[in-house]
Amino acid sequence: MQASEHSFSYVGNTTDIISELKHSKEHGNVLGICAISLGPNMIMAAVDEMMEIKKDLLIFLKETDPLGMKLPEDQIFLSEIVRVHPFRTKFDDPFHVKLRELRTREASENVSA
């Protein structure tokens, strides 16, 4: 079996990052976000809202990743973002919606047990 090579096309320029964040907000696509405040890992998220504060943008992310896992941070400043990777996957595609519903149901059953 031959290993396939996958390379991410990261966006690191501030203007392009803003463009991808706006696209996520308007179209609901998932982004891989690498940020100083998030440590060395990339999180998968979608943008809910954006607000200008002083000379920075505060980005409000959906509370969970596409699989329903709570994000470590759901608010992040543009100045903290090192790079993003845009995905074609929609946050609200039927598959991911079902996964989040199952995760929420399992969590509530565990709490009541």
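Residues numbered from 1 in each chain as written. Predicted model: local features only at pLDDT ≥ 70, side-chain atom pairs only at ≥ 80, totals over all residues. Heavy atoms only, no water.

### Considering the pairing of strand 3 (residues 47-53)
Each regular strand carries side chains that alternate between the two faces of the sheet.
And step 1. Across 6 bridges, the pairing between strand 3 and strand 4 (residues 56-61) is antiparallel. Looking at strand 4, one finds that E52 is bridged to L57.
And step 2. Hairpin connection of strand 3 to strand 4: 2 residues between the antiparallel strands, including K54 at a positive phi of 50°. (Pairing = 2+ DSSP bridges. Helix = DSSP H or I, 4+ residues; strand = E, 2+ residues; numbered from the N terminus.)

### Examining the sheet that holds strand 1 (residues 29-35)
And step 1. Reading across from one edge, 2-1-6 is the order of the 3 strands in this open sheet, with antiparallel pairing throughout. Edge positions in the open sheet fall to strand 2 (43-45) and strand 6 (81-90), since each of these has one partner strand only. Between one strand axis and the next, the sheet turns through 25° on average, direction left out of account.
And step 2. With 3 bridges connecting them, strand 1 and strand 2 associate as antiparallel partners. Note that in strand 2 the partner of I33 across the bridge is I43.
And step 3. Of the strands in this sheet, strand 1 and strand 6 touch helix 1 (residues 14-27), which is tilted by about 35° from strand 6. (Axes fitted to C-alpha atoms, helices over the stretch in contact; angles between N-to-C directions. Contact = heavy atoms within 4.5 Å.)

### A short note on the confidence of the model for the protein chain
And step 1. For the protein chain, mean pLDDT is 87; residues scoring 70 or higher make up 90% of the total.
And step 2. Within the protein chain, no element has a lower average pLDDT than helix 2 (residues 94-112), which sits at 78, and none a higher one than strand 4, at 97. (pLDDT = per-residue confidence, 0-100.)

### Overview of unusual backbone geometry
The phi torsion of most residues other than glycine is negative, and most of the peptide bonds are trans.
And step 1. If you check the backbone angles, K54 has positive phi at about 50° while not being a glycine.
And step 2. With respect to the helices, strands and loops of the structure, K54 is situated in the loop between strand 3 and strand 4.

### A few points about the sheet that holds strand 5 (residues 75-77)
And step 1. Ordered in space as 3-4-5, the 3 strands form an open sheet in which the pairing is antiparallel. Looking at strand neighbours, the two that pair on one side only are strand 3 and strand 5, the edges of this open sheet. Going across the sheet, the axis of each strand differs from the next one's by a mean of 20°, ignoring polarity.
And step 2. In this sheet, strand 5 lies alongside strand 4 in antiparallel orientation, the contact comprising 3 bridges. When the bridges of strand 5 are listed, I59 appears paired with I76.
And step 3. On the sheet, helix 1 packs against strand 3 and strand 4 and is oriented at approximately 130° with respect to strand 3.

### Considerations on the nonpolar core
And step 1. L21, I33, I59, L61 and I81 are the most contacted members of the largest nonpolar core, which has 19 residues in total.
And step 2. Where this core is concerned, the elements lending two or more residues are helix 1, strand 1, strand 2, strand 3, strand 4 and strand 6. (Core = buried A, V, L, I, M, F, W, Y, C linked by side-chain atoms within 4.5 Å. Buried < 20%, exposed > 50% of the residue type's maximum accessible area, 1.4 Å probe, protein only.)

### Let's talk about the packing of aromatic side chains
And step 1. Within the structure shown, the criterion is met by 0 aromatic pairs.
And step 2. For R83, the ring lying beneath its charged end belongs to Y10, and the centroid distance is 4.5 Å.
And step 3. Sitting above the plane of the F91 ring, R100 keeps its charged end 3.9 Å from the centroid. (Phe/Tyr/Trp six-rings, centres within 6.5 Å; stacked < 30°, edge-to-face > 60°. Lys NZ or Arg CZ within 6 Å of the ring centre and 35° of its normal.)

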